[in-house]
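Survey of secondary and tertiary structure
So you can see what is in the structure, the chains are spelled out below.
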Amino acid sequence: MVALSILFLGLTAWSLAEPRLTVVVMDPLCNRLACACVKGYAQRDYEALGRFLSSKLHEPVKIVYAEDLARAVEAPSTGKVDLIIGKASVVKFDAAECGMPVRPIASLTGQDGSTTLTGLFVVRKSDRAKTLSDLSGRQIFFGSPDADEKNRGAFEALRRVGIAVPKKVKTFEGCSDAALAVLESKAKPAPAAVISSYAAALIEGCGTVPKGALRIVGMTASFPFVTAYATANVNPALTTNIERALVDMRLDSKLLKVMESKRGFVLPTPVGKKVSADWPGWRGANRDGSVPWLPRLLPPRPTLVWSQPLTNSGLAGVSVSNGFLVVADRTGQGDADVFRCFRADDGKPIWKVVDRSPGHLDYGTSARATPTLDRGLAFVLGAFGHLLCVDLATGRTVWSHDLVKEFGGIRPNWGYTSSPLVVDDEVIVNPGAVTASLVALNRLTGAVLWKTPGNPSAYASFTLARLGGRNQVVGYDSLSLGGWDPATGSRLWTLVAPNYGDFNVPSASIWGGQLIVATENNGTRLYGFAAGGSIVPKPIASFPELAPDTVSPIVVGKRLVGSWGELYCLELAHGLRVAWTISEPACQEYCAFFSSGDRLLISTFRGELVLVDCSGAKPVVIGRSRVFNGQVGSYAYPAMVGSRLYVRESDRISCFDLEPAK
């Protein structure tokens, strides 16, 4: 039954005023739309949020609660609708049905800091099924089409493990109904169901399903959860004010508590970037080191959440997606790669994959390429060119290739380092062979989609960008910078740097449709593009002094920060003019960067963390902290998800919480 009630909120003086802002709340964890069966959960108080918005916007606010947008819109008492806050897929589905254009403006973090949810495949506790693959031939109860995590996301998860989705499927609108149907079914083998991750606690808490009666055997990819959408009634100026008010919620500890949120609302990732609460590969979801959040202050001693030992040292970065963490390791004898998967929340080991690959390299023989996690699959590449596709939930190897033996690849002196790049349903790698400089493989089967001739491999990872109005894969081979068509592999342009000898290790960055590159012999350069996607050979600007050999610079607001002897901050909009430089001891060796707004977090080779405000004429070091002792340094790029930092030391993988203790 649809719950539909209207409350006038705001300052007392406005209690009888005509509301200027109407908010429709469809959050399934709202106290007006959920039962109070689980203490401290699903009782979000949107009346409190309404009062908060009213005080910030200096306008009366009206809150309407509804499970169905059409019913809310049709109710005479609702009036105009300005904001809708609810599960993203449901709001978009209902808004389309109503012919109401909406746009996302902010996402609400949960108690764990996440802004996403997943679909969970559940079976009876006594069921023999252990993994998603075991559900082949079973009837599966899905959710309605407006629930991405229980419908299309579940279909994709099944296809990923080779299970065909029937043309006609049984769907349930409610998670409790689907769960109950599994327990009450007389079919043999018993069916499975897909439920929303947020609903698992409620199903047991309400007594619909006995505690422990169901067991999880698989999950879908992540989808956006509770999101605030603006309608066409909200103009740009008001949108900005609402965004500021929602983000300011993080400063009100009482409101955070009653809204069951760790960090309040966070703004969506800028247009052209992926919206992700995960860190699924090299330098994050967009390969640029940007994160939605950095702490206002660094805790003197970050909270150690968990830590697990590793067998050997390693260079590859850490990847986290959908609650899974993957890190590269090596056997104690150094003759095989070991890729390990842990639960991101508590560090519990899930699986390991051992791939024999003997050989010798400087800096050890463990993998250099950061694992790439995409829609339930892990793509891992060893230093000697062994590429594996692994099912993220089970550790089963789906397919594999040897870049040297199969494609004639020429292994770089320090091993294969470039992380696999996923573009739609392609996995792009760079064997560096004469006839296969770059190769695209089918994400699900590993079948070769295209090969393009060219030069041996460089070390930097590729990135996907839209430059000059054209989507292209951008990166290096051993001799040049280039762009490639992701659909065909054809090379769009080639640029050879004037000074020979770059190892091409730092990754390129994108800013405002322009390309930023930095290398040890040619410094930092900013390039523009012509219509059609070709590079303009003459750089817009250059700065020779910032010439890193390994550290990738990062965009921080409208500035570029990089490390080479000193820490440099350059104005991107003003010809790479120096904003400031400082001599930062922590950056004298390798370091990794994270950016959010105008702030920069530096994770150093020796385990120190440095938080910097980069917005002013001079940098402001907000805080320093340490996550390991630094006797043995680490080149592995950490992963950051929410307030948690996942750090690989020489022989450990550890999780720290950077949220200051309250």
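Residues numbered from 1 in each chain as written. Predicted model: local features only at pLDDT ≥ 70, side-chain atom pairs only at ≥ 80, totals over all residues. Heavy atoms only, no water.

**So, the overall build of the chain**
Along its length, the chain carries nine helices and 46 strands. Against the 2.2 N^0.38 benchmark of 26 Å for 662 residues, the chain shows a C-alpha radius of gyration of 26 Å, consistent with a compact globule. When its C-alpha atoms are laid out on the principal axes, the chain stretches across 70 × 65 × 50 Å. Looking at the chain residue by residue over its 662 residues, the buried ones come to 57%. Taking contacts inside the chain between residues at least 6 apart in sequence as the whole, the part at least 24 apart equals 62%. About 27,000 Å² of surface is accessible on the chain, with carbon and sulfur atoms providing 52% of the total. Measuring between centres, the 70 positive side-chain charges of the chain sit 3 Å from its 59 negative side-chain charges. (Helix = DSSP H or I, 4+ residues; strand = E, 2+ residues; numbered from the N terminus. Rg over C-alpha atoms; globule rule 2.2 N^0.38 Å. Buried < 20%, exposed > 50% of the residue type's maximum accessible area, 1.4 Å probe, protein only. Contact = heavy atoms within 4.5 Å. Areas by Shrake-Rupley, 256 points an atom, 1.4 Å probe, with all protein chains shown as cover. Lys, Arg positive; Asp, Glu negative; His and termini not counted. Charge placed at Lys NZ, Arg CZ, Asp CG, Glu CD.)

**Here we look at the confidence of the model for the chain**
For the chain, per-residue confidence averages 91 on the pLDDT scale, and residues scoring 70 or more make up 95% of the total. With pLDDT under 50 throughout, residues 1–16 is counted as low confidence; its partners more than four residues away or in other chains account for 50 contacts. Note that pLDDT drops below 50 for residues 269–275; the model gives that stretch nine contacts with residues more than four away or on any other chain. (pLDDT = per-residue confidence, 0-100.)

**What to know about the pairing of strand 21 (residues 377–381)**
Extensive coverage of strand 21 is indicated by the burial of five of its five residues. Sheet analysis places strand 20 (residues 372–374) next to strand 21, joined by three bridges and oriented antiparallel. Of the residues in strand 21, the one forming a bridge with Leu 373 is Ala 378. What sits between the antiparallel neighbours strand 20 and strand 21 is a turn of two residues, in which Arg 375 has the positive phi angle 45 degrees. Relative to strand 22 (residues 386–391), strand 21 is paired through five bridges, and the arrangement is antiparallel. Looking at strand 22, one finds that Ala 378 is bridged to Val 390. Linking strand 21 to strand 22, which pair antiparallel, is a turn of four residues; within it Gly 385 sits at a positive phi near 100 degrees. (Pairing = 2+ DSSP bridges.)

**Some remarks on the pattern of salt bridges**
In total, this model carries 26 salt bridges according to the counting rule given. Here Arg 32 makes a salt bridge to Glu 47, at a shortest N to O gap of 2.4 Å. In this pair, Arg 32 is assigned in the loop between strand 2 (21–26) and helix 1 (46–57) and Glu 47 in helix 1, connecting sequence segments 15 residues apart. Looking at Arg 32, the relative accessible area reads 31%, which means it is partly exposed. The partner of Asp 374 in a salt bridge is Arg 375, with the nearest N and O atoms 2.7 Å apart. Look at Asp 374 and you get buried, because its relative accessible area is 14%. Here the residues in one salt-bridge network are Glu 156, Asp 374, Arg 375, Asp 425 and Arg 443, joined through shared partners. (Salt bridge = Lys/Arg side-chain N within 4 Å of Asp/Glu carboxyl O.)

**Here's the deal with the nonpolar core**
Ranked by internal contacts, the top residues of the largest apolar core, which has 56 residues, are Tyr 46, Leu 49, Met 249 and Phe 265. The dominant element in this core, judged by the number of residues it contributes, is helix 1, at six residues. (Core = buried A, V, L, I, M, F, W, Y, C linked by side-chain atoms within 4.5 Å.)

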